[in-house]
Amino acid sequence: MYSSELIKGTLKTIILKLLKNNGKMYGYEITQRVKELTNNKIQITEGALYPTLHLLEKEGEVEAETETIGKRVRKYYTITPKGKVTVDLKVNEFVDFMNTMKFLLDFELDVGHAAK
Amino acid sequence: MQLSDEHIAFILDDIKAKGIVIEDLQNNLLDHICCIVENEMPEGEDFYKFYGCIMPRFFKKDLKEIEEETNNLLTFKNYYAMKSTVKISGIISAFLILSGSIFKTMHWPGAGFMIMLGGLLFSLIFVPLMIVLKFKDDETTTDKWVFTFGFVLAIVAALGIIFKVFHWPYANFGMRWSVTLFLFGYIPLYYFTRIRRPETKFNTTINMVLMMACGGMMYALFNLHPSTGVQESVNASYDFMQQHTIQVCKANEVLYAKKASYLTSNRFGQSSINLYQKIDSIKAFLIASTDKIPLEKAKQISLSDVQGVNDNASLRNVFENSSNEFSLQALEREIYAYNELVAELFPGNQEKLIAINQLQFRNTILSVVLYQLSQVQWQVVSSENSYLAALSD
């Protein structure tokens, strides 16, 4: 399992990407899907998930619809067109970041890449 | 496991009791917990025991953290927007006030507008936002309140200055009180709350000296009365006008004495005498009310002996905002009636009309009002004199 510091910076990207690929999802479903896809290596905590979902909703990156199930209300989230643009930018940024980190932390010393 | 309504009600109540206020978040958490129970609770396990076990995974210390984190995230963006608004409004207001002051010194048009806009931006956007930001900072509560007190004084002072520039009422009140409280309230508070801290000791002393200097200068600039020279020249002009008015009055009396019919048969003469006497009684009333002296004494007094020549507060009460027989309202009624008669008797004779709109009776001091009242008297007796002279030819 990765540390929460590592996950925190990428949480928005993870949520938006999941919503982009899977259509509408609710909170618990998101945590479970992440667990499943990463073999339990990434576990999104509820304490981080819901504040981020609220922020994404306020920023207009996702929109929510509610469904009443018995005595409780379930909130489904879907990505908006704005969110789709953001997620592509974020994924690209993250890939770039990983490449930079790879070089910085000297996993593979790639001089040609560094000179670029 | 299928959750019963009681279980759901229990979870919701617990979430609420643990400090989650945002309804959306309550619903999120309720559904999430229900999902965990439905999917992860082993067969035959007690619901309440399982609930107790899963709750800690939602927080580090308590459940309220989620709500706080949500609020922080939601206000974080505002925080940056606020900071940039503070910067922009600060720069614009400083620019406007400085340019406005230069324009004012050079008597160029637009100065008042610039100062007002700059001052309003400063006092209604820049400083209030600074207060909000101050409360978000990690400073001590004492510091937050001390600075807030200072900021509120800055708002009052800035509004006072705007009011002063536009000659609006209560400007002196705002300016005087804000600077007094700044000098004798804020600066000592600032000094004593910071001087004991080694890291702020030096800066505190420097800032205090600078603030004392600025506050002191502001205080010195608030000599809100006309200078002695100006006052004396107003007194001299008033006395001069009084004397000449009285001389013309006497000349008129001589003319009236020549022929009794001048007085009885002419409406203009009657109206002139009425208005003249009305103004005399208003002047005496205003002096008596301001200086708190008997009416009879007020009738005899010269302007240089009136104590409250620079008064505007009691003037506002007894003259501007009053409706008695000595009020501005009553005077205006008389002047309108006089002007109507002039227009009827001397059509096309504009110079006999009293230009009431050009007289400054509002938002001013007693000496200015008295001087202008005398000016009206002078015009009335002069017009009366030329009329009588024409009759006797």
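Residues numbered from 1 in each chain as written. Chains lettered and ligands numbered in written order. Predicted model: local features only at pLDDT ≥ 70, side-chain atom pairs only at ≥ 80, totals over all residues. Heavy atoms only, no water.

## Re the overall build of chain A
Turning to step 1, where the next piece is worked out: A tally of helices and strands in chain A yields 6 helices and 3 strands.
Turning to step 2, where the next piece is worked out: For chain A, the spread of C-alpha atoms along the three principal axes comes to 60 × 30 × 20 Å.
Turning to step 3, where the next piece is worked out: Across the 116 residues in chain A, those meeting the buried criterion constitute 36%.
Turning to step 4, where the next piece is worked out: For chain A, the accessible area works out to roughly 6900 Å², and carbon and sulfur atoms hold 55% of it.
Turning to step 5, where the next piece is worked out: Side chains of chain A carry 18 positive and 16 negative charges; the gap between the two charge centres is 5 Å. (Helix = DSSP H or I, 4+ residues; strand = E, 2+ residues; numbered from the N terminus. Buried < 20%, exposed > 50% of the residue type's maximum accessible area, 1.4 Å probe, protein only. Areas by Shrake-Rupley, 256 points an atom, 1.4 Å probe, with all protein chains shown as cover. Lys, Arg positive; Asp, Glu negative; His and termini not counted. Charge placed at Lys NZ, Arg CZ, Asp CG, Glu CD.)

## Let's talk about the overall build of chain B
Turning to step 1, where the next piece is worked out: Across its full length, chain B holds 15 helices and 0 strands.
Turning to step 2, where the next piece is worked out: Across its three principal directions, the C-alpha atoms of chain B cover 125 × 55 × 40 Å.
Turning to step 3, where the next piece is worked out: Classification of the 393 residues of chain B by burial places 42% in the buried group.
Turning to step 4, where the next piece is worked out: Entry remark: accessible area of chain B is about 21800 Å², with carbon and sulfur atoms responsible for 61%.
Turning to step 5, where the next piece is worked out: With 33 positive and 39 negative side-chain charges, chain B shows a spacing of 10 Å between the two charge centroids.

## Description of the packing of helix H1 (residues 5–17) of chain B against helix H3 (residues 47–54) of chain B
Residues and elements named next belong to chain B.
Turning to step 1, where the next piece is worked out: Contact geometry for H1 and H3: axes closest at 12 Å, N-to-C directions at 30°. As for how H1 packs across H3, the hand of that crossing is right-handed. Mapping the contact onto sequence places His7, Phe10, Ile11 and Asp14 in H1 and Phe47, Tyr48 and Tyr51 in H3.
Turning to step 2, where the next piece is worked out: Of the residues in the contact of H1 with H3, the class split is 5 nonpolar, 1 polar and 1 charged. (Axes fitted to C-alpha atoms, helices over the stretch in contact; angles between N-to-C directions. Left-handed = near helix turned anticlockwise from the far one by under 90°. Contact = heavy atoms within 4.5 Å. Nonpolar A, V, L, I, M, F, W, Y, C, P; charged D, E, K, R; others polar.)

## Examining the pattern of salt bridges
Turning to step 1, where the next piece is worked out: This structure, assessed with the given rule, holds 16 salt bridges over all chains.
Turning to step 2, where the next piece is worked out: Note that Glu65 of chain A is salt-bridged to Lys24 of chain A, the shortest N-O span being 4.0 Å. With Glu65 of chain A in strand E2 (residues 62–69) and Lys24 of chain A in the loop between helix H2 (11–22) and strand E1 (25–26), the pair connects residues that are 41 residues apart, well separated along the chain.
Turning to step 3, where the next piece is worked out: Given a relative accessible area of 40%, Glu65 of chain A falls into the partly exposed group.
Turning to step 4, where the next piece is worked out: With its nearest N and O atoms 3.8 Å apart, the salt bridge here joins Glu332 of chain B to Arg362 of chain B. Of this pair, Glu332 of chain B sits in helix H14 (residues 328–345) while Arg362 of chain B sits in the loop between H14 and helix H15 (366–392), and the two are 30 residues apart along the sequence.
Turning to step 5, where the next piece is worked out: Through salt bridges with shared partners, a single ionic network connects Arg72 and Arg74 of chain A together with Asp31 and Glu38 of chain B. (Salt bridge = Lys/Arg side-chain N within 4 Å of Asp/Glu carboxyl O.)

## What to know about the sheet that holds E2 of chain A
Turning to step 1, where the next piece is worked out: On the basis of which strands lie adjacent, the open sheet formed by 3 strands has the order E1-E3-E2 (chain A) and antiparallel pairing. Each edge of the open sheet is held by one strand with a lone partner, namely E1 and E2 of chain A. (Pairing = 2+ DSSP bridges.)

## Details of the confidence of the model for chain A
Residues and elements named next belong to chain A.
Turning to step 1, where the next piece is worked out: Within chain A, residue pLDDT values average 87, and 91% of them lie at 70 or more.
Turning to step 2, where the next piece is worked out: Mean pLDDT per element in chain A: helix H6 (residues 111–115) is the minimum at 47, and E1 is the maximum at 95.
Turning to step 3, where the next piece is worked out: Note on residues 112–116: pLDDT is under 50 here. Beyond four places in sequence and across chains, it has 2 contacts. (pLDDT = per-residue confidence, 0-100.)

## Quick look at the pairing of strand E3 (residues 72–79) of chain A
All names here are of chain A.
Turning to step 1, where the next piece is worked out: Where burial is concerned, most of E3 is hidden: 7 out of the 8 residues are buried.
Turning to step 2, where the next piece is worked out: By the bridge criterion, 8 bridges tie E2 to E3 in an arrangement that is antiparallel. Of the residues in E3, the one forming a bridge with Thr68 is Val73.

## Description of a nonpolar patch on the surface
Turning to step 1, where the next piece is worked out: Together, Phe94, Val95, Phe97 and Met98 of chain A make up an exposed nonpolar region whose accessible area comes to about 350 Å².
Turning to step 2, where the next piece is worked out: Here Val95 of chain A falls in the partly exposed class, since its relative accessible area comes to 39%. (Patch = residues over 30% accessible without salt bridge, like charges linked within 9 Å, V, L, I, M, F, W, Y side chains within 5 Å.)

## A look at unusual backbone geometry
Turning to step 1, where the next piece is worked out: Here His107 of chain B, not a glycine, exhibits a phi torsion of approximately 60°, which is positive.
Turning to step 2, where the next piece is worked out: Positionally, His107 of chain B belongs in the loop between helix H4 (64–106) and helix H5 (111–136).

## What about helix H7 (residues 171–194) of chain B?
Turning to step 1, where the next piece is worked out: Here H7 of chain B contains 24 residues, and its C-alpha end-to-end distance of 32 Å stays within 8% of the 34 Å for a straight helix at 1.5 Å per residue.
Turning to step 2, where the next piece is worked out: The sharpest bend along H7 of chain B comes to roughly 40°, located at Phe182 of chain B. (Expected span 1.5 Å × (residues − 1). Bend = angle between axes of the 7 residues up to and from the residue.)

## Quick notes on the interface of chain A and chain B
Turning to step 1, where the next piece is worked out: Counting from both sides, the interface comprises 22 residues of chain A and, opposite them, 25 residues of chain B.
Turning to step 2, where the next piece is worked out: In total, chain A and chain B occlude about 2200 Å² of area from one another, counting both sides; carbon and sulfur atoms represent 57% of this.
Turning to step 3, where the next piece is worked out: On the chain A side of the contact with chain B, Tyr28, Glu46 and Arg72 of chain A bury the most area, a combined 32% of that side's loss.
Turning to step 4, where the next piece is worked out: In this structure, Asp31 of chain B and Arg72 of chain A form a salt bridge, with 2.9 Å as the shortest nitrogen-oxygen distance.
Turning to step 5, where the next piece is worked out: Applying the counting criterion to the chain A and chain B interface returns 8 residue pairs in polar contact (both at pLDDT 80 or more).
Turning to step 6, where the next piece is worked out: The set of elements that each furnish at least two residues to the side of chain A that touches chain B consists of helix H3 (27–37), helix H4 (46–59) and E3 of chain A.
Turning to step 7, where the next piece is worked out: No other element matches H4 of chain A, which puts 10 residues into the side of chain A that touches chain B. (Buried area = accessible area lost by both parts, 1.4 Å probe. Polar contact = N/O pair within 3.5 Å; in protein donor to acceptor, adjacent residues only side chain to side chain.)

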